[in-house]
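Structure assessment
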Amino acid sequence: MKKQIVETDVLIIGGGPAGFATAIHLADLMMKNGEANGDSAPIKLPYKIMLLEKGGEIGGHSISGAIINPIALKELLPDISISDMPFESEVKKDEVHYLSENGKITFPFTPPYFGNHGNYLASLGKITKWLAAIAEKKGVQIYAGFNGSEVLYQNEKIIGVRSGASGIDKHGNPMDNYQPETDIHAKITIFAEGSRGSLSKTVINKFDLAKEKNPQVYSLGVKEVWEVPEGNIEEGYVAHSLGFPVDSKQFGGGFIYGLRKNLVSIGLAVGLDYADPTFDTHHAFQIYKKHPFVAKFLKGGKIVRYGAKTIPEGGYYSIPKLYADNMMIVGDSAGLVAMPSLKGIHLGMKSGMLAAQTAYAALQNQNTSSQQLSMYEKLINESYVKTELYPVRNFRQAFDGNLYTGMLKFGTQLITGGRGFGSEKLPAKEDYKHYRPLKSFNGDTFMNKMKDELSFDKITTFDKEMDIYYSGTNHDEEQPSHIQIVSTETCQTCLEEFGAPCQRFCPADVFEIVEDTKSKKKSLTLHPSNCVHCKTCDIKDPYQNVIWNTPYGGDGPEYGTM
Ligand SMILES: Cc1cc2nc3c(=O)[nH]c(=O)nc-3n(C[C@H](O)[C@H](O)[C@H](O)COP(=O)(O)OP(=O)(O)OC[C@H]3O[C@@H](n4cnc5c(N)ncnc54)[C@H](O)[C@@H]3O)c2cc1C
């Protein structure tokens, strides 16, 4: 079987809010200018728009909090009223707490950027499914279960993306169910892959788009959805917390949202710039659920879903150049998340709409050069994407190793328009560079300090194996591992120096250190079929010895309502 070649005008990689906002707005611009043919579905657009999503179903890989600022949805779909959008509830009550091991102090006022008045609680999976149905009616061709596995170039310019072959065994040989790859050639390719996009990363590196920028830094968010007895939580209730179980040397906090009277979204997000190689975000989240303030919301309930994903938090100074010849980057792949409010959905959508505006002008001018597409960055800088990100441009860098000094620095930023009393641009360093060797902790590590807390009752707290079950994750086990270890020798060095932090940072038990019974030699065994596609391994490995690629299209978690 030979590989297929398909042609389109615009190719969007990723079916998240940013990808669908791009597709819908581009289709609308074509229709508004009277170029679309007819008004019954499926509409034939004058330029083809194609969207690839690696999840088997749209929404299957979507995970967020989520509190949504509806500004971008209102702009994208002005004819649809808020009451017809698939939100769970309006935010009705907003609290911020500082947690100690057993107690809490409630902030007497809502700290700046933590207020959610006018925002809505939602399941991102539901939102993306709904957006997909709208996009499809407008003539967008959507291919769920298709990964973008490789960027295609001609004369050093992007000409599209390859969607990988399937039905290959671990040694690379085709099996009976072999399906060849498909090359999709496009005039413009738009990367909307979310956090640490596997193709976006290669493109940013190839064209040096992050030159002179701060490196991107991330948090890992671990989340569960629970069905609870009515009365445990109010619909529209929002609580954010700082403190326990996150150490004051770390950046992070918990969230509890009352999606409905009996449905709770609960999670913990922790910055990946921690130093302790034994820190484990999944385990910290289980400990968080045992805190008396948190446990009361879950009492008598049952877990429905589990998932994890990284969040790009570097902010304004970590945004790469957003375009090159024939391509643009939108949403989380571009790092468009506002901190400390932890909101990326509306900014990702707005960036998609601006990329659509740029793509439409480029198609009409028959010019997709970098110079023409620079319009996109100009539009971003004139939009609320910049006005939201610029005043908090130094926020995340201020929390470099201490919560309390971070809060003080943030206070100075608030009164100086974001600059603070330091330099205009606070630096950042890659998350993996923050590790300290295990020995330097003299036993004072997360794993030792928390060892009595690390028993999981399988009622409120779960080990990773059980949580993976609740993520609905499924991969064809025959395929070559989509998680690549660059050098197994480096794993040995890592074991000695850092104790193999891959076992801890992965929230899905993909990495296991196994001891040979005879030789007692320890080595790494991979379980790629557990992977929930959070990309932490690609970010936090101390030697950058792990590369995350897309597995077969359709494989991965099945989040449904996350
Ligand atoms: C725990 C957590 C809580 C959050 N809370 C909030 C919140 O309350 N409010 C808020 O506004 N934001 C929140 N965010 C951030 C928000 O979810 C993101 O900013 C937003 O989802 C970004 O949208 P996106 O379309 O850029 O990326 P995504 O939503 O990540 O979508 C990207 C899509 O691309 C697909 N994809 C990736 N690579 C490929 C490929 N190579 N080929 C094909 N498909 C691919 C993925 O499967 C995915 O469906 C939170 C994030 C997390 C993890």
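I will try to describe carefully the structure that is included in this document. (Residues numbered from 1 in each chain as written. Predicted model: local features only at pLDDT ≥ 70, side-chain atom pairs only at ≥ 80, totals over all residues. Heavy atoms only, no water.)

Lining the immediate environment of the ligand, one finds 34 residues, of which Glu53, Ser64, Ile67, Lys309 and Asp332 sit closest. In this structure, an oxygen atom belonging to the ligand sits 3.0 Å away from a main-chain N or O atom of isoleucine 345. Secondary structure elements with two or more residues in the shell around the ligand: α1 (17-32), β2 (49-53) and β18 (302-312). When its residues are assigned to classes, the shell around the ligand shows 14 nonpolar, 14 polar and six charged. (Near = heavy atom within 4 Å. Polar contact = N/O pair within 3.5 Å; in protein donor to acceptor, adjacent residues only side chain to side chain. Helix = DSSP H or I, 4+ residues; strand = E, 2+ residues; numbered from the N terminus. Nonpolar A, V, L, I, M, F, W, Y, C, P; charged D, E, K, R; others polar.)

Right, let's talk about the packing of aromatic side chains for a bit. Per the counting criterion, the structure on display carries 23 aromatic pairs. Their ring planes at 70° and their centres at 6.1 Å tell us that phenylalanine 505 and phenylalanine 511 sit as a pair that is edge-to-face. Relative accessible area serves as the criterion here: at 1%, phenylalanine 505 is assigned to the buried category. Three or more aromatic residues link up through ring pairs in this structure, and these residues are Tyr274, Phe279, Tyr435, Phe446, Phe498 and Tyr543. Sitting over the face of the ring of tyrosine 390, arginine 393 holds its NZ or CZ atom 4.0 Å from the ring centroid. The ring of tyrosine 274 carries the charged tip of lysine 540 above its face, separated from the ring centre by 4.4 Å. (Phe/Tyr/Trp six-rings, centres within 6.5 Å; stacked < 30°, edge-to-face > 60°. Buried < 20%, exposed > 50% of the residue type's maximum accessible area, 1.4 Å probe, protein only. Lys NZ or Arg CZ within 6 Å of the ring centre and 35° of its normal.)

Time to look at a nonpolar patch on the surface. Taken together, Tyr113, Leu414, Ile415 and Phe421 make up a surface patch of nonpolar side chains, about 450 Å² in accessible area. With respect to the helices, strands and loops of the structure, phenylalanine 421 is situated in the loop between α11 (403-415) and α12 (446-449). What makes phenylalanine 421 exposed here is its relative accessible area of 65%. (Patch = residues over 30% accessible without salt bridge, like charges linked within 9 Å, V, L, I, M, F, W, Y side chains within 5 Å. Areas by Shrake-Rupley, 256 points an atom, 1.4 Å probe, with all protein chains shown as cover. Salt bridge = Lys/Arg side-chain N within 4 Å of Asp/Glu carboxyl O.)

Going through the model one piece at a time under the given rule, you end up with 25 salt bridges. A salt bridge links lysine 187 to aspartate 9; the shortest N-O distance between them is 2.4 Å. Of this pair, lysine 187 sits in strand β13 (residues 182-191) while aspartate 9 is found in strand β1 (residues 4-13), placing the two residues 178 residues apart along the sequence. Of the residues examined, lysine 187 reaches a relative accessible area of 45% and is grouped as partly exposed. Accessibility expressed as a relative area gives 10% for aspartate 9, which makes it buried. Put simply, lysine 350 and glutamate 75 hold a salt bridge, and the shortest N to O gap is 2.7 Å. You can see lysine 350 sitting in helix α7 (residues 345-365) and its partner glutamate 75 sitting in helix α2 (residues 71-76), a full 275 residues away along the chain. We classify lysine 350 as buried; its relative accessible area is 12%.

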